[in-house]
Amino acid sequence: MRPWQMLQCIVPTALTSDTAVDGVLEQLIEGRWQPLVFFSKHLRPPKLKYSAFDRELLALYLAIRHFRYFLEGRPFTAFTDHKLLTFAFTKVSDPWSACQQQHLSYISEYTMDIQHVSGKDNVVADALSRPAIQALSQGVDYAALAEAQQGDAEMPSFRTAVLGLQLQDFLVGLGEKTLLCDVATSQPRPIVPAAWQWQVFNSIHGLVHPSIRTTVRLVSSKFAWHGLCKQVSKWTGTCTQCQTANVQRHTKAPRTFDHIHVDIGGPLPVSQGARYLLTMVDRFTRLPEAVLLTDTSADSCARVLIATWGACFGVPANITSNRGAQFISSLWSAVASLLGTQLTPHNCLRPTVEQTSGTLPPLLEVSSHGPPERT
């Protein structure tokens, strides 16, 4: 007798988790379902954003496509733990997206019989996506954790409190102790007593020291206790190693005399044949420099800038000025290009240099009427 003649039914069962889809091909032998082939596929980041319905539909589509060599030409029933998927071929409205249309069209070529199976009865496919209690996190002794639960006074309050948790006892170790877990999520989460909370946090956060949000997500996906998010956020925010290594921005200190502001002050009373001042102020140190000018031409400003500031402090990398005629002339631009200096003209007042240009002339006028030794 050929093996296929012993098959009464071939059933692909699909199941999804947070990051992967799973499926199993089963046959009914003497009233019991026996697994034949297993299937699993890791989801790419774009598909992780799918809705629950789309991911369950994708799991069924991928499972049938993977098992198509066993299913072609044979009647079979597809089981899923997502009940809405059983109405996919009977609903009146059209599929919402082209992706749903493609998946439903492919599935309809093989079967139209999709039935619901509860998660607790979907044992084989459920085992592919739900790890055992001992595999949840390294560095945690679950037998000792179960013993700590029995001696903790807060454990009975978890069983009676209305917290939206679905509590269930699991056997750990040699089956002598039970571990109280929450099974409302995709994997069982042990309830952690207060004495064990820091150890559990450190076993997860101490691996790579992720951010607060990532640490809360990792701990809450594997464990549960009262005030978990607040407590984990506080511990992560006060982690010394995180504060030492977590540099968000590197501040680059400006170079001294690298960026200056220039302006022209005057006219002033004639002194040594000059009536104007060329003021230069360093942006970083606020060091001012003022030089007498006989006229305000671009040629005179460029000569004074090179002979005074350039000779003392070097050629600046950037010069900021107003849009005076001498500062936007071709001669001023040619000199700056020759020196490798970037010009930054502005329409608005520059407080640094404007204060210098506005303060020096009155002081000079006052000093010109003082004693001869101060002139």
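Here is what the cut-offs are and how they apply
- Residues numbered from 1 in each chain as written.
- Predicted model: local features only at pLDDT ≥ 70, side-chain atom pairs only at ≥ 80, totals over all residues.
- Heavy atoms only, no water.
- Buried < 20%, exposed > 50% of the residue type's maximum accessible area, 1.4 Å probe, protein only.
- Axes fitted to C-alpha atoms, helices over the stretch in contact; angles between N-to-C directions.
- Helix = DSSP H or I, 4+ residues; strand = E, 2+ residues; numbered from the N terminus.
- Parallel < 35°, antiparallel > 145°, perpendicular 65-115°, else oblique.
- Left-handed = near helix turned anticlockwise from the far one by under 90°.
- Contact = heavy atoms within 4.5 Å.
- Nonpolar A, V, L, I, M, F, W, Y, C, P; charged D, E, K, R; others polar.
- Core = buried A, V, L, I, M, F, W, Y, C linked by side-chain atoms within 4.5 Å.
- 1 Å grid on protein atoms, 1.4 Å probe; cavity = no way out; pocket = protein on both sides within 12 Å on 5 of 7 lines; lining within 4 Å.
- Points joined across faces, edges and corners; volume = space filled by probe spheres on them.

## A short note on unusual backbone geometry
For step 1, the next point in the chain: One non-glycine residue, His209, lies in the positive phi region at around 55 degrees.
For step 2, the next point in the chain: Judged by its relative accessible area of 26%, His209 falls in the partly exposed class.

## Some thoughts on the packing of helix α8 (residues 212–222) against helix α9 (residues 228–237)
A pair of packed helices is captured by two measures, namely the crossing angle of their axes and the spacing between those axes.
For step 1, the next point in the chain: Contact geometry of α8 with α9 gives a least axis separation of 9 Å together with a crossing angle of 135 degrees. Taken together, α8 and α9 sit at an angle that is classed as oblique. In the packing of α8 onto α9, the handedness of the crossing is right-handed. Contacts between α8 and α9 involve Ile212, Thr215, Val216, Val219 and Ser220 from the first element and Leu228, Cys229, Val232, Ser233, Thr236 and Gly237 from the second.
For step 2, the next point in the chain: For the contact of α8 with α9, a count of residues per class yields 6 nonpolar, 5 polar and no charged.

## A few points about the nonpolar core
For step 1, the next point in the chain: Counting 24 residues, the largest nonpolar core has Leu60, Ile64, Leu71 and Ile107 as the members making the most contacts within it.
For step 2, the next point in the chain: Looking at this core, the elements that each hand over two or more residues are β2 (20–29), α1 (52–66) and α3 (98–108).
For step 3, the next point in the chain: The contact partners of Ile107, leaving out residues within four places of it in the chain, are Leu57, Leu60, Tyr61, Ile64, Phe89 and Ile114.
For step 4, the next point in the chain: Judged by nonpolar contacts, the second largest core, of 19 residues, contains Ala146, Leu179, Phe201 and Ile204.

## So, empty space enclosed by the protein
For step 1, the next point in the chain: Per the stated rule, a full pass over the model turns up 1 cavity of 30 Å³ or more.
For step 2, the next point in the chain: Space inside the largest cavity adds up to approximately 60 Å³.
For step 3, the next point in the chain: Lining the largest cavity are Ala302, Leu305, Ile319, Trp332, Val335, Ala336, Leu339, Thr341 and Leu343.
For step 4, the next point in the chain: Of all the secondary-structure elements, those providing two or more residues to the lining of the largest cavity are α11 (298–313) and α12 (330–339).
For step 5, the next point in the chain: Among the elements that line the lining of the largest cavity, the one with the most residues is α12, at 4 residues.

## Concerning the side chain of Gln100
For step 1, the next point in the chain: With respect to the helices and strands, Gln100 occurs in helix α3.
For step 2, the next point in the chain: Judged by its relative accessible area of 5%, Gln100 is buried.

## Considering the environment of Ile328
For step 1, the next point in the chain: Within the secondary structure, Ile328 is located in the loop between β12 (318–321) and α12.
For step 2, the next point in the chain: It is 8.8 Å that separates the C-alpha atoms of Ile328 and Ala298, two residues lying 30 residues apart in sequence.

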